[in-house]
Amino acid sequence: MPAVKSLIPVAKPDIGEPELEAVRRPILSGWVPQGAEVDAFEKEFATLVGAQHACAVSSCTMALHLALLAAGVGPGDEVITVSHSFIATANSVRYCGAVPIFVDIQPGTFNIDPSRIEAAIGEKTKAILCVHQLGMPCDIEPILGIARRHGIPVVEDAACAAGSEMLVQGKWERIGKPRGDVACFSFHPRKIITTGDGGMITTSNAEWDQKFRLWRQHGMNLTDKVRHESKGVLFESYETLGYNYRMTDIQAAIGRQQLKRLSGIVERRRFLAGRYREHLAGVPGLLLPAEPAWARSNWQSFCVGLDVKYDRLRVMETLQNAGVSSRRGVMCTHREPAYASQPWSCVPGKTRCECPGGSCARLRNSVHAQDHSIILPLFCQMTEEEQDTV
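Residues numbered from 1 in each chain as written. Predicted model: local features only at pLDDT ≥ 70, side-chain atom pairs only at ≥ 80, totals over all residues. Heavy atoms only, no water.

### Let's talk about the sheet that holds strand β10 (residues 286-287)
Sheet strands pair via backbone hydrogen bonds, and the direction of the pair is either parallel or antiparallel.
Phase 1: As summarised here, the arrangement of the four strands in space is β10-β12-β14-β13, forming an open sheet in which the pairing is antiparallel. Looking at strand neighbours, the two that pair on one side only are β10 and β13 (327-328), the edges of this open sheet.
Phase 2: Here two bridges tie β10 to strand β12 (residues 302-306), and the two strands are oriented antiparallel to one another. Pairing of Leu286 across the sheet is with Leu306, part of β12.
Phase 3: Contacts from helix α10 (residues 262-280) reach β10, β12 and β14 (373-376), with the element oriented near 20° to β12. (Pairing = 2+ DSSP bridges. Helix = DSSP H or I, 4+ residues; strand = E, 2+ residues; numbered from the N terminus. Contact = heavy atoms within 4.5 Å. Axes fitted to C-alpha atoms, helices over the stretch in contact; angles between N-to-C directions.)

In structure tokens, the structure reads:
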């Protein structure tokens, strides 16, 4: 029988010998939980993105949970966000006992439409949770204007956006400074840089940063590092209800090595995205993603739209038969079975969408994007020959 041709993957983590060498440090030191490597990773990440504070946690989902808690979100409150995102975005709202109020997206960028936010603000609105979807910076300036007028904190779900930039007052700034009150990153293997899994919270608010550090370690007032390095005997206490959201030193050692290559990784991905845009331009029925003039995406994913007359499943099957992997477009949380029993709405003051026919009329762009888009392969090690095959 002929050998099965290996598929060109949608994504592939860029890890190797440098990361393998890096993990020797914590392993041989005997200190593998949260410690000196995590501390160094936080400082290096903060410096890279221009943030005053950075706190490492076990995942971006946990980062979002803590960010919303710091913003004062609690049971019965409402958080404005998008359905068109990985389910963790809305789940973090539910972890607080709050209700996600979903706002539609802009078709070209797959990001929240700022013009629809004001109508979603109600008496119970406690935060706006915007997403830099697939690494594309969202239009955060008008969002901040709305939020400041209403006194509402802004949390940035920057899970996919490490290395992405936006133009601020004539200068390029990395996502994560942050522009809002807090930004949350993911280091999952499908992201630009990875620690296996893990997350980071950046903020300019020193009080919030201290809360993150307290909450991530069971509410304990002393870190393990402080306790073990003390010349005297110290007894910890538990000041508040906390969580086990820590990152390990093994993960942080990998992350520190990854950070050294972030600029090069983003440069390569932008080059490959440029080739896609050049070679796919003008293909009938294919809609290419839009990058605003004020944004520089890291192109965590390259998601294209299909004209409605084309059968997405057939297109994906044809790609697979030609040796090319693909994925459906970004999911819509409100269409998932889990949210058939969870409270959510498209208007403030409600815990359930009341649009007729069982389909939310206010989220048409989100639903269309999910049903008629495809994510194509894009990863740092991708060769031009592989891309030509796609």
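### Things to note about the side chain of Ser83
Phase 1: Its location among the elements puts Ser83 in the loop between β2 (78-82) and α5 (88-95).
Phase 2: In contact with Ser83, not counting residues within four places along its chain, are Phe102, Val103, Met331, Cys332, Thr333, His334 and Leu363.

### Points about the pattern of salt bridges
Phase 1: All chains considered together, the criterion is met by 23 salt bridges.
Phase 2: Where Glu141 meets Arg179, a salt bridge forms, and the shortest distance between an N and an O atom there is 2.9 Å. Within this pair, whereas Glu141 is found in helix α6 (residues 140-150), its partner Arg179 is found in the loop between β7 (171-174) and β8 (182-186), the two being separated by 38 residues in sequence.
Phase 3: When its relative accessible area of 37% is taken as the criterion, Glu141 is described as partly exposed.
Phase 4: Assessed through its relative accessible area of 28%, Arg179 is described here as partly exposed.
Phase 5: Note that Arg270 is salt-bridged to Glu291, the shortest N-O span being 2.7 Å. You can see Arg270 sitting in helix α10 and its partner Glu291 sitting in the loop between β10 and β11 (295-296), a full 21 residues away along the chain.
Phase 6: What makes Glu291 partly exposed here is its relative accessible area of 26%.
Phase 7: Connected through shared salt-bridge partners, Arg25, Glu37, Glu44 and Arg256 make up one network. (Salt bridge = Lys/Arg side-chain N within 4 Å of Asp/Glu carboxyl O. Buried < 20%, exposed > 50% of the residue type's maximum accessible area, 1.4 Å probe, protein only.)

### Examining the layout of surface pockets
Over the atoms rolls a probe the size of a water molecule, and in doing so it shows where empty space is left.
Phase 1: For the largest pocket, the calculated volume is near 670 Å³.
Phase 2: Ser85, Phe86, Cys160, Arg190 and Lys191 are, among the 28 residues lining the largest pocket, the residues nearest its centre.
Phase 3: Within the residue set of the lining of the largest pocket, elements represented by two or more residues are α4 (60-70), α5 and β13.
Phase 4: At three residues, the largest contribution of residues to the lining of the largest pocket is made by α4.
Phase 5: Residue classes in the lining of the largest pocket are distributed as eleven nonpolar, eleven polar and six charged.
Phase 6: In this model, the second largest pocket occupies a volume close to 300 Å³.
Phase 7: Looking at the lining of the second largest pocket, the elements that each hand over two or more residues are α3 (36-49), α7 (206-215) and α8 (224-229).
Phase 8: For the lining of the second largest pocket, the residue count by class is five nonpolar, six polar and five charged. (1 Å grid on protein atoms, 1.4 Å probe; cavity = no way out; pocket = protein on both sides within 12 Å on 5 of 7 lines; lining within 4 Å. Points joined across faces, edges and corners; volume = space filled by probe spheres on them. Nonpolar A, V, L, I, M, F, W, Y, C, P; charged D, E, K, R; others polar.)

### A closer look at α4
Phase 1: Burial analysis of α4 places ten of its eleven residues in the buried class, which makes it a mostly covered element.
Phase 2: By the N-cap criterion, in which a side-chain oxygen at the helix start approaches the backbone nitrogen of a residue two or three places on, α4 is capped by Ser59, the distance to Thr61 being 3.4 Å.
Phase 3: Once α4 finishes, Gly72 follows within two positions and takes phi at roughly 90°, a positive value. (Polar contact = N/O pair within 3.5 Å; in protein donor to acceptor, adjacent residues only side chain to side chain.)

### Some points on unusual backbone geometry
Phase 1: Residue Lys177 is joined to Pro178 through a cis peptide bond whose omega torsion reads -15°.
Phase 2: With respect to the secondary-structure elements, Pro178 resides in the loop between β7 and β8.
Phase 3: Of note, Phe110 is a non-glycine position whose phi angle comes to about 65°, a positive value.
Phase 4: For Phe110, the location among the structural elements is in the loop between β3 (99-103) and β4 (125-131).
Phase 5: You will see that Trp299, though not glycine, has its phi angle at about 50°, which is positive.
Phase 6: Mapped onto the secondary structure, Trp299 falls in the loop between β11 and β12.
Phase 7: According to the relative accessible area criterion, Trp299 is buried, its value standing at 4%.

### Let's talk about the environment of Glu42
Phase 1: Assignment of secondary structure puts Glu42 in helix α3.
Phase 2: The spatial distance from the C-alpha of Glu42 to the C-alpha of Ala252 is 8.6 Å, given a sequence separation of 210 residues.

### What to know about the state of the cysteines
Phase 1: Counted according to the given criterion, the structure contains zero disulfides.
Phase 2: Here Cys60 is not disulfide-linked; the sulfur of Cys184 is the nearest cysteine sulfur, at 5.5 Å.
Phase 3: The class of Cys60 is buried, set by a relative accessible area of 6%. (Disulfide = S-S within 2.5 Å.)

The analysis is restricted to geometry; functional conclusions fall outside its scope.
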